[in-house]
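Here is what each chain is made of, one letter per residue.
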Amino acid sequence: MRWLQAILPKEERFFTLFAEHAAAVVSGAESLRSGLSEHEGLTQKLKVVMDCEHEGDRITREVLLAVRRSFITPFDRGDITRLIQSMDDAIDQMQKTAKSILLFNVTRFEPEMVQMAECIARPAHLIQQAIPLLNSINKNVGELNHLTEQIVQVESEADDIYDAARKRLFRRARRPRRWSSGSQWKSLITWRRSPTALMTWRMKSIASSPSTSEAARWMWSSSNP
């Protein structure tokens with residue numbers, strides 16, 4: 001059976017679709033980062049994030065359909081499915097963050113939120129660098145390991161930022177004050193009810209499992225059988 005698999009053509013379109021999805025993740029991450037750090041054109045940048053999420057969904061559907069239709073895949077079907085779903089989880093979380101910002105009309109962002117946005121953009125670029133290497137996993141095992149280690153390190157940084165923000169938001173909840181725009185803070189019983197806390201939680205979930213770091217772990221396990 002192995003000799004038959006060797007001579008049959010493999011469906012190589014998966015790598016193109018992975019690259020397209022990675023580009024959508026990077027575009028969404030950069031738009032989110034830019035919106036939170038630069039403030040100008042925030043609404044438009046958040047709409048870009050949502051457009052990227054729609055593009056990611058389209059690509060994910062193509063990948064899942066190709067998995068079902070392809071006789072020979074470049075690597076295990078389950079691995080292909082888990083990888084594209086992990087990548088899609090990342091852009092889905094970005095879309096939820098963008099939607100929440102618009103829903104709560106948040107225009108001022110805490111320092112930790114801006115830092116978290118940076119933690120989203122960095123692994124997005126690392127994932128984009130790693131995707132082409134999957135075409136020859138054994139050959140590129142060293143570089144894949146290096147990239148995945150960097151992604152997991154960013155996840156650890158995001159955890160620290162999230163914990164620091166949660167601590168500060170809890171303290172602030174007991175001392176309500178006014179927004180810089182002059183409108184009054186809503187009464188906060190716990191930090192969990194704060195839109196700011198919600199933003200921080202959403203962005204933390206992007207930089208940790210099961211999204212960007214999950215894709216990193218999959219690539220690490222694939223390159224270390």
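Just so it is clear, the model here is predicted, and its values are computed rather than measured. (Residues numbered from 1 in each chain as written. Predicted model: local features only at pLDDT ≥ 70, side-chain atom pairs only at ≥ 80, totals over all residues. Heavy atoms only, no water.)

Student: Could you clarify how one ought to interpret the packing of aromatic side chains in this entry?
Tutor: For any pair of aromatic rings, the description rests on two quantities: the centre-to-centre distance and the angle between the ring planes. Inspection of the entire model under this criterion finds 2 aromatic pairs. For the pair Phe18 and Phe75, a centre-to-centre distance of 6.4 Å together with 15° between the ring planes defines the contact as stacked. Here Phe75 lies in the loop between α3 (42-69) and α4 (77-104) and Phe18 lies in helix α2 (residues 13-38), a separation of 57 residues in the sequence. When its relative accessible area of 0% is taken as the criterion, Phe18 is described as buried. Cluster of aromatic residues (ring-pair linked, three or more members): Phe15, Phe18 and Phe75. (Phe/Tyr/Trp six-rings, centres within 6.5 Å; stacked < 30°, edge-to-face > 60°. Helix = DSSP H or I, 4+ residues; strand = E, 2+ residues; numbered from the N terminus. Buried < 20%, exposed > 50% of the residue type's maximum accessible area, 1.4 Å probe, protein only.)

Student: Explain the nonpolar core to me, please; I cannot follow it from the model alone.
Tutor: Proteins that are soluble and globular tend to have nonpolar side chains buried together. In terms of nonpolar packing, the biggest core is built from 24 residues, with Phe14, Phe18, Val63, Ile80, Ile131 and Leu134 touching the most fellow members. For this core, the elements supplying multiple residues, two or more each, are α2, α3, α4, α5 (111-130) and α6 (141-173). Here this core takes 5 residues from α2, the largest share from any one element. With residues near it in sequence (within four places) discarded, Ile131 still touches Phe15, Phe18, Ala19, Ala22 and Met87. Of all hydrophobic cores here, the second largest spans 21 residues; its members include Ala29, Leu36, Val106 and Ala121. (Core = buried A, V, L, I, M, F, W, Y, C linked by side-chain atoms within 4.5 Å. Contact = heavy atoms within 4.5 Å.)

Student: Even after reading the chapter, I still don't get the packing of α2 against α3, so can you show me in this structure?
Tutor: Helix-helix packing is characterised by the crossing angle of the two axes and by the distance between the axes. Packing of α2 against α3 brings their axes to within 9 Å, and their N-to-C directions diverge by 165°. One finds that α2 runs roughly antiparallel with respect to α3. Remark: the crossing between α2 and α3 carries left-handed chirality. When grouped by side-chain class, the residues that make up the contact of α2 with α3 number 14 nonpolar, 8 polar and 7 charged. (Axes fitted to C-alpha atoms, helices over the stretch in contact; angles between N-to-C directions. Parallel < 35°, antiparallel > 145°, perpendicular 65-115°, else oblique. Left-handed = near helix turned anticlockwise from the far one by under 90°. Nonpolar A, V, L, I, M, F, W, Y, C, P; charged D, E, K, R; others polar.)

Student: Can you walk me through the confidence of the model for the protein in this structure?
Tutor: Low pLDDT marks regions whose predicted coordinates should not be analysed in detail. Per-residue pLDDT for the protein averages 77, and the proportion of residues at 70 or more is 71%. Mean pLDDT across the secondary structure elements of the protein bottoms out at helix α1 (residues 2-7), with 42, and peaks at α3, with 95. Within the model, the stretch residues 1-9 combines pLDDT values under 50 with 4 contacts to residues more than four positions away or in other chains. In the predicted structure, residues 178-211 sits below a pLDDT of 50 and forms 79 contacts with residues beyond four places in sequence or in another chain. (pLDDT = per-residue confidence, 0-100.)

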